Amino acid sequence: MSFILTCPFCGPRPVDEYAYYGEVTRRPSGSPTLRELTDYVYFRDNVAGVQREWWQHRTGCGEWFLAERDTRTNEVLEIELPAPSGDPAP
């Protein structure tokens, strides 16, 4: 199913202009165990519903941003730029 995604800089564009980089995850803190690292690298929640995701406007301005999207309907609920530190806002 195709849908429209709004780039924070270029405005609404067809989703095929973007690259999807997966749901937002949190890096393990401190000195993580092998299990924690494995979970971080390989496992995702893959929810049927609303999740926060990384996107890049690859054929436009090239900027990275976060989208909150309902995976059941592809409805985009919110678009935001990542926090200046590079970590997504909670």
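S.K.: Which parts of the structure should I look at to understand the overall build of the protein chain?
M.R.: Check the secondary structure of the protein chain and you find one helix and six strands. Secondary structure elements of the protein chain, listed N to C terminal, follow the sequence β-β-β-α-β-β-β. Along the first, second and third principal axes, the C-alpha set of the protein chain runs to 40 × 30 × 20 Å. Distance between charge centroids for the protein chain: 3 Å, based on 9 positive and 14 negative side chains.

S.K.: Please clarify how the nonpolar core should be interpreted in this entry.
M.R.: One recurring pattern in soluble globular proteins: nonpolar side chains tend to sit buried together. Within the largest apolar cluster, eight residues are counted, these being Phe-3, Leu-5, Cys-7, Val-15, Tyr-18, Trp-55, Phe-65 and Ala-67. Looking at this core, the elements that each hand over two or more residues are strand S1 (4-7) and strand S5 (64-70). Leaving out residues up to four positions away in the same chain, Tyr-18 has contacts with Leu-5, Thr-6, Cys-7, Gly-11, Arg-13, Trp-55, Gln-56, His-57, Arg-58 and Phe-65.

S.K.: I keep staring at unusual backbone geometry and nothing clicks. Help me out?
M.R.: Excluding glycine, residues mostly have negative phi values, and the peptide bonds linking residues are mostly trans. Positioned with a positive phi, Asn-46 is a non-glycine residue whose angle comes to about 50 degrees. Position of Asn-46 among the secondary structure elements: in the loop between helix H1 (34-42) and strand S4 (50-56). The backbone of Asn-74 sits at a positive phi, close to 65 degrees, despite the residue not being glycine. As for its position among the elements, Asn-74 is in the loop between S5 and strand S6 (76-80). Looking at Asn-74, the relative accessible area reads 15%, which means it is buried.

S.K.: Even after reading the chapter, I still don't get the pairing of S1, so can you show me in this structure?
M.R.: Successive residues of a regular strand alternate their side chains across the two faces of the sheet. In S1, alternate side chains face the same way, and those of Leu-5 and Cys-7 are buried while those of Ile-4 and Thr-6 on the opposite face are not. As paired elements, S1 and strand S2 (residues 11-14) share four bridges and run antiparallel to each other. Looking across to S2, one finds that Leu-5 is bridged to Arg-13. Counting the residues that bridge the hairpin from S1 to S2 gives three residues.

S.K.: Would you mind showing me how to read the packing of aromatic side chains here?
M.R.: Describing an aromatic ring pair means giving the distance of the ring centres and the angle of the ring planes. This structure, assessed with the given rule, holds six aromatic pairs. Their ring planes at 85 degrees and their centres at 5.8 Å tell us that Tyr-18 and Phe-65 sit as a pair that is edge-to-face. Separated by 47 residues along the polypeptide, Tyr-18 in the loop between S2 and strand S3 (19-23) and Phe-65 in strand S5 bring together distant segments of the chain. Here Tyr-18 falls in the buried class, since its relative accessible area comes to 5%. Judged by its relative accessible area of 0%, Phe-65 falls in the buried class.

Analysis parameters
Residues numbered from 1 in each chain as written. Predicted model: local features only at pLDDT ≥ 70, side-chain atom pairs only at ≥ 80, totals over all residues. Heavy atoms only, no water. Helix = DSSP H or I, 4+ residues; strand = E, 2+ residues; numbered from the N terminus. Lys, Arg positive; Asp, Glu negative; His and termini not counted. Charge placed at Lys NZ, Arg CZ, Asp CG, Glu CD. Core = buried A, V, L, I, M, F, W, Y, C linked by side-chain atoms within 4.5 Å. Buried < 20%, exposed > 50% of the residue type's maximum accessible area, 1.4 Å probe, protein only. Contact = heavy atoms within 4.5 Å. Pairing = 2+ DSSP bridges. Phe/Tyr/Trp six-rings, centres within 6.5 Å; stacked < 30°, edge-to-face > 60°.

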